[in-house]
Amino acid sequence: MSGNTLSAPLPAARRNALHAPLDLLRGAGGRLLPWLLPLALLALWQLGASQGWISPQVLPSPHFVWLTLQDLYSSGDLWLNVQASMQRVLVGFAAGSLLGLALGAAMGLWRPLEAYILPTFNALVQIPVLAWLPFVLLLVGIGEPLKYILIAKAALVPVTLNTLQGFRQTPASLLEVARVYGYSRRQQVLEVVLPQALPTLFTGLRLGFTKAWLSLVVVELVASSEGLGYLIVYGRQLFQLDLVMAAVIVVGAIGYAIDKLLDLAETRAAGGQAATRLGAASTGARA
């Protein structure tokens, strides 16, 4: 009789206590998963350097690169070059993004302007940044304006196209409801079109910064006497590949950090937008 007796179900608290370690392991595994490939590459790099598979003149060991980073930091050279690069990319990115937002919004709100500008814009954006370098060099010389213009051009393209797409993706039904409620053109743009376009705008800004950051390094590789790109060229000229690798690591780390900050800003904006919609819906329901 006892063999046929069904076991009583575990209480909810005990079930949660039993599943908590498994959930914790799953969460930790999900957080560690993106780091597996970089750590594996780092281990392979260290193994190849320690076993002599790779010549130190071709690829120095991670420890040697770390020592070079420490020397750059202690001497102040790292901060000076990072500061120069950050100033260039922020000025260029801000200029290109503002122009891209204005141009994309204008084309998105006024179709005749899109018909005039977009074909020529699409043709010009196919020209890479390096192809513009000789022409801009003749116009403004080899100083800082050259770098600002090329970085701004790189950021302008994705910001403009994503802004245009964002302003065009508003459902016609929402615009019709806004017109029924007597919204002015300005109210339609600010309260209907812009909230719908916000996620696409942030996508364009993230892509614009990525393009601007890549263009910064390219421009500094060609025409600069300071900056992270200059450090890469300087290390290559002196055949100090530890310096090259150190600068490459700093470039990747800064780019990754700023992309994460933009991602966080996008998440905050999306959360605020959702809260605003929820509040408006609850207000409408009470009314």
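Remember, predicted model here, so these are calculated numbers, not experimental data.

Participant: Explanation requested: the overall build of the protein chain in the structure shown.
Facilitator: Secondary structure summary: the protein chain contains 10 helices and zero strands in total. Along the chain direction, N to C, the helices and strands of the protein chain fall in the order α-α-α-α-α-α-α-α-α-α. Taken across its 287 residues, the protein chain has 33% of its residues classed as buried. Pairs at least 24 apart in sequence give 71% of the contacts found in the protein chain among residues at least 6 apart. Accessible surface, the protein chain: about 17800 Å² in total, of which carbon and sulfur atoms supply 69%.

Participant: What's the story with a nonpolar patch on the surface in this structure? I'm lost.
Facilitator: Taken together, the side chains of Trp35, Leu39, Leu42 and Tyr256 make up a nonpolar region of the molecular surface, amounting to roughly 450 Å² of accessible area. Per element, the largest residue contribution to the nonpolar patch is three residues, and it comes from helix 1 (residues 12-50).

Participant: Help me out: how do you make sense of the UniProt feature "transmembrane region" (unreviewed entry) in the protein chain in this one?
Facilitator: Those residues carrying the UniProt feature "transmembrane region" (unreviewed entry) are residues 89-110, 116-140, 212-232 and 238-258 in this numbering. A distance of 30 Å separates the end C-alpha atoms of residues 238-258, which is 86% helix and 0% strand.

Participant: What is the right way to look at the confidence of the model for the protein chain in this model?
Facilitator: Low-pLDDT stretches of the model should not have their predicted coordinates read in fine detail. Of all residues in the protein chain, 83% attain a pLDDT of 70 or more, and the chain-wide mean is 78. Of all secondary-structure elements in the protein chain, the lowest mean pLDDT belongs to helix 1, at 66, while helix 3 (residues 77-109) reaches the highest, 90. Segment residues 275-287: pLDDT under 50, and two contacts once partners within four positions in sequence are set aside and those in other chains are kept.

Participant: How should the environment of Gln87 be read in this particular structure?
Facilitator: Tracing the backbone through its elements, the reader meets Gln87 in helix 3. As for Gln87 and Gly227, which are separated by 140 residues in sequence, their C-alpha atoms are 9.8 Å apart.

Participant: What exactly am I supposed to notice about the pattern of salt bridges here?
Facilitator: Side chains bearing opposite charge may pair, as long as their charged atoms lie close to each other. Applying the stated rule across the entire model yields seven salt bridges. In this structure, the salt-bridge partner of Arg168 is Glu114, at a minimum N-O distance of 2.6 Å. Of this pair, Arg168 sits in helix 6 (residues 144-168) while Glu114 sits in helix 4 (residues 111-124), placing them 54 residues apart in sequence. By relative accessible area, which is 26% here, Arg168 ends up partly exposed. Residue class for Glu114 comes out buried when judged on its relative accessible area of 16%.

Participant: Help me understand the side chain of Thr68 in this model?
Facilitator: Looking at the element boundaries, Thr68 is found in helix 2 (residues 62-75). If sequence neighbours within four positions are ignored, Thr68 has contacts with Asp242, Leu243 and Ala246.

Participant: Would you explain the packing of helix 7 (residues 172-180) against helix 8 (residues 185-222) in this entry?
Facilitator: The description of two packed helices rests on the angle between their axes and on the distance between the axes. Across the interface, helix 7 lies against helix 8 with an axial gap of 11 Å and an inter-helix angle of 165°. With respect to helix 8, the element helix 7 is oriented roughly antiparallel. The interaxial crossing formed by helix 7 with helix 8 has right-handed handedness. Packed against helix 7, whose contacting residues are Leu174, Leu175, Ala178 and Arg179, the element helix 8 presents Gln188, Val192, Val193 and Gln196 at the interface. Class assignment of the residues belonging to the contact of helix 7 with helix 8 gives a composition of five nonpolar, two polar and one charged.

Participant: I'm lost on the packing of aromatic side chains in this one. Help?
Facilitator: Applying the stated criterion across every chain, the model contains four aromatic pairs. Ring centres 5.7 Å apart and planes at 85° place the aromatic pair Phe93 and Phe209 in the edge-to-face group. Note that Phe93 is positioned in helix 3 and Phe209 in helix 8, a separation of 116 residues in sequence. Ring pairs connect the aromatic residues Phe93, Phe209 and Trp213, which therefore count as one cluster.

Participant: Where do I start with the nonpolar core in this structure?
Facilitator: Within soluble globular proteins, side chains that are nonpolar tend to cluster in buried spots. Core analysis: the biggest nonpolar cluster contains 31 residues, and Val89, Trp213, Leu228 and Ile254 have the highest contact counts within it. Those elements that place two or more of their residues in this core are helix 2, helix 3, helix 6, helix 8, helix 9 (228-237) and helix 10 (241-286). Per-element tally for this core: the top contributor is helix 10, with nine residues. Among all residues touching Leu228, those that are not within four sequence positions of it are Asn81, Val82, Ser85, Trp213, Glu220, Ala247, Val250, Val251 and Ile254.

Participant: I tried to follow helix 9 on my own but got confused; where do I start?
Facilitator: Since the α-helix packs 3.6 residues into each turn, any two residues three or four apart lie on the same face. All of the buried residues in helix 9 are Leu228, Gly229, Leu231, Ile232, Val233 and Gly235. Looking one or two residues beyond helix 9, the residue adopting positive phi is Phe239, at roughly 60°.

Participant: Help me understand the environment of Glu220 in this model?
Facilitator: Position of Glu220 among the secondary structure elements: in helix 8. Along the backbone, Glu220 and Lys147 are 73 residues apart, and their C-alpha atoms lie at a distance of 7.9 Å. Residues contacting Glu220, with those up to four places away along its chain left out, are Ser85, Arg88, Glu226, Gly227, Leu228, Gly229 and Tyr230. Of note is the side chain of Glu220, whose polar atom sits 2.6 Å from the side chain of Arg88.

Rules used throughout
- Residues numbered from 1 in each chain as written.
- Predicted model: local features only at pLDDT ≥ 70, side-chain atom pairs only at ≥ 80, totals over all residues.
- Heavy atoms only, no water.
- Helix = DSSP H or I, 4+ residues; strand = E, 2+ residues; numbered from the N terminus.
- Buried < 20%, exposed > 50% of the residue type's maximum accessible area, 1.4 Å probe, protein only.
- Contact = heavy atoms within 4.5 Å.
- Areas by Shrake-Rupley, 256 points an atom, 1.4 Å probe, with all protein chains shown as cover.
- Patch = residues over 30% accessible without salt bridge, like charges linked within 9 Å, V, L, I, M, F, W, Y side chains within 5 Å.
- Salt bridge = Lys/Arg side-chain N within 4 Å of Asp/Glu carboxyl O.
- UniProt positions renumbered as here; feature names shortened; annotations may be inferred.
- pLDDT = per-residue confidence, 0-100.
- Axes fitted to C-alpha atoms, helices over the stretch in contact; angles between N-to-C directions.
- Parallel < 35°, antiparallel > 145°, perpendicular 65-115°, else oblique.
- Left-handed = near helix turned anticlockwise from the far one by under 90°.
- Nonpolar A, V, L, I, M, F, W, Y, C, P; charged D, E, K, R; others polar.
- Phe/Tyr/Trp six-rings, centres within 6.5 Å; stacked < 30°, edge-to-face > 60°.
- Core = buried A, V, L, I, M, F, W, Y, C linked by side-chain atoms within 4.5 Å.
- Polar contact = N/O pair within 3.5 Å; in protein donor to acceptor, adjacent residues only side chain to side chain.

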